[in-house]
Amino acid sequence: MPELLDFEAPGNFSYALRRRSYDRQIILMLSDQRYLHWAFNALLNLEELGLHHHLLIGSSASVCSDYMLGLPHVARGCGTSSFLRRSASNEVNRSLDRWKIHDEHPYHLWWQRWRYIERAVALGYAVLSIDTDISLRHDPFPVLRGPLRHHKLVVSVESEQAARVNRFRFPVINAGFVYCQGRAGGAAHWAVAEVVRRIEALLYSSPPAFCFKREEPGQPLQFCLVALTSCSRTPP
């Protein structure tokens, strides 16, 4: 798959999945220019384990070009996405401005992770999404498809810090390890699709108000985020 694709264009993502998947499984990774060296390291890690069915979502065309030229014999698949990018629509432009999210912010790739996990599952694929700073010591699929096969959605804990310590203006939806092997239309697929829906709903809304309160003198400030999107439907 040497050609560069925008995965939002009709048919491009399904084409990439057909070209890069194995046994209806795909490994997704994300990278921008700053951390491209991590992507190279993750790629070599996967290749060492015999896992060749990988696909990188790059933050720009130059990232994909450098990625595929950097390790041309193993970097076989990369594409970009206009999903929730500034060029997507005027509504997206206004929303990004309201939230003060700049073009190089990692939110964009984090949003795209969930977008394409959901789309891959909808197309009948099982998806492993990993951050490029993860080091796999063994092939995870014998465990994911063996003892853990009854778990349709496996998500890592990204941070053990309290929300008031590890907080961002826009709610963080980063997760370094996600595996979804649920059927299209099933509960796991619904959960992932709901993440995408809430991301878009929250982005298009006004930034929520923050409140600061101190329960007792001498106690640390407590932060709370007012206004989150509600669930519009129940899981299947």
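See above for the structure.
Residues numbered from 1 in each chain as written. Predicted model: local features only at pLDDT ≥ 70, side-chain atom pairs only at ≥ 80, totals over all residues. Heavy atoms only, no water.

**Re the packing of helix 2 (residues 36–48) against helix 3 (residues 61–70)**
To characterise two packed helices, one gives the angle between the axes of the helices and the distance between these axes.
So, point 1. Closest axis-to-axis distance for the helix 2/helix 3 pair is 11 Å, and the angle between their directions is 40°. Taken together, the axes of helix 2 and helix 3 are oblique relative to one another. Of the two elements, helix 2 crosses helix 3, and the hand of that crossing is right-handed. On the side of helix 2, the interface is formed by L36, A39, F40 and L43, while helix 3 contributes V63, D66, Y67 and G70.
So, point 2. Classifying every residue of the contact of helix 2 with helix 3 by side-chain character gives six nonpolar, one polar and one charged. (Axes fitted to C-alpha atoms, helices over the stretch in contact; angles between N-to-C directions. Helix = DSSP H or I, 4+ residues; strand = E, 2+ residues; numbered from the N terminus. Parallel < 35°, antiparallel > 145°, perpendicular 65-115°, else oblique. Left-handed = near helix turned anticlockwise from the far one by under 90°. Contact = heavy atoms within 4.5 Å. Nonpolar A, V, L, I, M, F, W, Y, C, P; charged D, E, K, R; others polar.)

**A look at the state of the cysteines**
So, point 1. Tallying each qualifying case throughout the model produces one disulfide.
So, point 2. Between the sulfur atoms of C64 and its disulfide mate C78 the distance is 2.0 Å. Of note, the bridge from C64 to C78 carries an S-S torsion of about -70° and is left-handed in sense. Note that C64 is positioned in helix 3 and C78 in strand 4 (residues 78–80), a separation of 14 residues in sequence. The pair formed by C64 and C78 is uniform in burial state, with each residue classed as buried. (Disulfide = S-S within 2.5 Å. Buried < 20%, exposed > 50% of the residue type's maximum accessible area, 1.4 Å probe, protein only.)

**Some remarks on helix 2**
So, point 1. When the terminal C-alpha atoms of helix 2 are compared, their 18 Å separation across 13 residues agrees well with the 18 Å that a helix rising 1.5 Å per residue should span.
So, point 2. Taken together, the buried positions of helix 2 are L36, A39, A42, L43, N45, L46 and E47.
So, point 3. Next to the buried residues of helix 2 lie strand 2 (25–31), strand 3 (54–58), helix 3 and strand 5 (126–130).
So, point 4. G50 sits one or two residues past helix 2 and shows a positive phi near 75°. (Expected span 1.5 Å × (residues − 1).)

**Brief notes about the pattern of salt bridges**
So, point 1. Inspection of the entire model under this criterion finds nine salt bridges.
So, point 2. As a salt-bridge pair, R76 and E47 come within 3.6 Å of each other at their nearest N and O atoms. Remark: E47 occurs in helix 2 and R76 occurs in the loop between helix 3 and strand 4; sequence separation between them is 29 residues.
So, point 3. We note a salt bridge from D131 to R113, for which the minimum N-O separation is 2.2 Å. Of this pair, D131 sits in the loop between strand 5 and helix 6 (141–144) while R113 sits in helix 5 (residues 107–122), and the two are 18 residues apart along the sequence. (Salt bridge = Lys/Arg side-chain N within 4 Å of Asp/Glu carboxyl O.)

**Focus: the pairing of strand 2**
So, point 1. With seven of seven residues buried, strand 2 is to be regarded as a mostly interior element.
So, point 2. Residue alternation in strand 2 divides its side chains into two sets, Q25, I27, M29 and S31 and I26, L28 and L30, and both sets are buried.
So, point 3. As judged from the four bridges shared by strand 2 and strand 5, these two strands associate in the parallel manner. Within the sheet, the bridge partner assigned to Q25 lies in strand 5 and is A126. (Pairing = 2+ DSSP bridges.)

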